[in-house]
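Given next are the chains, with one letter for each unit.
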Amino acid sequence: MRGSAFCGPKGGRAVFILDRTYDPAELARHNVHAHSTQSNCAKREMTPEAMIRFAQDHGLKTLAITDHSDPFDAIDTYAGFLATRDLLRHIDTPVRVLVGAELSAYGVGKYAEPYEVDKALDFASYSHVHYHLPSWEQPEDRSPRGYAAHELAVLNALLETDRADNIAHPFSPNKMNFFNDAEKAATLRALTDNELGDILQKGERAQCSWELHTPTLFRFPAFARRFFAIGREVGVHFCVGTDAHSLADLAPPDLAQRLAAVLL
Ligand SMILES: [Zn+2]
Ligand SMILES: [Zn+2]
């Protein structure tokens, strides 16, 4: 656990994991969202060793391993972190490997892991939109605007704390399986530019980066452009996450070009 006298505002962790950049080519060299075999949804090929070797062979500078930590799951995130860290001691690589987790802010002020576990990790990336899980808090107003407002409330509460280093798939409606595609897109349009600007700025003040989650951005390009433009105007730190569940998704060869096409 952290707690050294040398700790900065975020304990032993770097304040931001990446320098501020809006260059898709540079952003694409760092992947901060990838699932290993500790997540049931990942392919069996996703051992930490294979992930790191693949990242190295495909020119990634940073790889964050972010396995799920869902509310009331049976997974011991801290034990998993220790096991992976132990394994990494025997791997020599130029890739900067962060052992983190995709933690859950599953309601307003509700977190799946104790604060101490969050602070032990190299990288605390928070999901706020796993509304498909039965344990996730749902808004009273189940309209697209109701979900958008609830997301803002969850993020506002989270960013009052120093828990989050990154927001995983911000505002992604991908997992809102109860909505059709038009309703999913409506949750994004329901966020005003001012609301987006304010919450992005709050994240920046809380030293929290915002993930450019490629599955969401490629699916909702109008939102991608708006999100990136507002974030750039506000001066936030972005980083890229492909939400890789397979080796090929760790470093898709055309990632930088595809990102540039939806962001710029
Ligand atoms: Zn997720
Ligand atoms: Zn994920």
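Here, every reference points to the structure presented above.
The present account deals with the structure reproduced in this document. (Residues numbered from 1 in each chain as written. Chains lettered and ligands numbered in written order. Predicted model: local features only at pLDDT ≥ 70, side-chain atom pairs only at ≥ 80, totals over all residues. Heavy atoms only, no water.)

So, the packing of aromatic side chains
Phase 1: Summed over all chains, the structure comprises 17 aromatic pairs.
Phase 2: Ring geometry for Tyr22 against Phe228: centres 6.0 Å apart, planes inclined by 75 degrees, an arrangement best described as edge-to-face. Highlighted residues: Tyr22 in the segment before α1 (24-27) and Phe228 in helix α9 (residues 221-234), separated in sequence by 206 residues. Here the two residues Tyr22 and Phe228 agree in accessibility, since each one is buried.
Phase 3: Centre to centre, the rings of Tyr147 and Phe179 are 5.4 Å apart; their planes meet at 80 degrees, and the pair counts as edge-to-face. A residue pair is termed long-range when its members are at least 10 positions apart, and Tyr147 in helix α5 (residues 144-158) and Phe179 in the loop between β6 (166-167) and α6 (181-189) qualify at 32 residues.
Phase 4: Three or more aromatic residues joined by ring pairs make a cluster, and in this case those are Tyr22, Phe171, Trp210, Phe223, Phe227, Phe228 and Phe238.
Phase 5: Positioned over the ring face of Phe218 is Arg258, at 4.0 Å from the centre of the ring. (Phe/Tyr/Trp six-rings, centres within 6.5 Å; stacked < 30°, edge-to-face > 60°. Helix = DSSP H or I, 4+ residues; strand = E, 2+ residues; numbered from the N terminus. Buried < 20%, exposed > 50% of the residue type's maximum accessible area, 1.4 Å probe, protein only. Lys NZ or Arg CZ within 6 Å of the ring centre and 35° of its normal.)

Structural notes on the side chain of Glu204
Phase 1: Here Glu204 lies in helix α7 (residues 193-205).
Phase 2: For Glu204, a relative accessible area of 14% translates into the label buried.
Phase 3: Among residues more than four places away in sequence, those in contact with Glu204 are Phe16, Arg20, Trp210, Gly235, Val236 and His237. (Contact = heavy atoms within 4.5 Å.)

Thoughts on the coordination of the zinc ion (ligand 2)
Phase 1: In the first shell of the zinc ion (ligand 2), the protein supplies His33 (NE2), His35 (NE2), Glu102 (OE) and Asp243 (OD), at 2.0 to 2.3 Å from the metal.
Phase 2: Counting residues between consecutive donors of the zinc ion (ligand 2) along the chain gives the motif H-x1-H-x66-E-x140-D.
Phase 3: The distance between the zinc ion (ligand 2) and the zinc ion (ligand 1) is 3.6 Å, with Glu102 acting as a donor to both metals. A residue pair is termed long-range when its members are at least 10 positions apart, and His33 in strand β1 (residues 30-34) and Glu102 in strand β3 (residues 96-107) qualify at 69 residues.
Phase 4: The buried category is assigned to His33, whose relative accessible area is 1%. (Donors = N, O, S within 2.8 Å, 3.2 Å for Na, K, Ca; no water.)

Side note on the nonpolar core
A general feature of soluble globular proteins is that nonpolar side chains tend to end up buried together.
Phase 1: Membership of the largest hydrophobic core comes to 65 residues, with the highest contact counts inside it found for Phe171 and Trp210.
Phase 2: With 6 residues, the single largest contributor to this core is α5. (Core = buried A, V, L, I, M, F, W, Y, C linked by side-chain atoms within 4.5 Å.)

Observations regarding the pattern of salt bridges
Phase 1: Tallying each qualifying case throughout the model produces 12 salt bridges.
Phase 2: With a shortest N-O distance of 3.8 Å, Asp162 and Lys119 are connected by a salt bridge. Taken together, the positions of Asp162 in the loop between α5 and β6 and Lys119 in helix α4 (residues 115-120) put the pair 43 residues apart, joining distant regions of the chain.
Phase 3: On the basis of relative accessibility, which here comes to 23%, the residue Asp162 falls in the partly exposed class.
Phase 4: Linking Arg226 and Asp193 is a salt bridge whose minimum nitrogen-to-oxygen distance equals 2.5 Å. One end of the pair, Arg226, is in helix α9; the other, Asp193, is in helix α7, with 33 residues separating them in the sequence.
Phase 5: Taking relative accessible area as the criterion, Asp193 reaches 44% and is therefore assigned partly exposed.
Phase 6: What you see here is one network of salt bridges that share partners, running through Glu26, Arg29 and Lys61. (Salt bridge = Lys/Arg side-chain N within 4 Å of Asp/Glu carboxyl O.)

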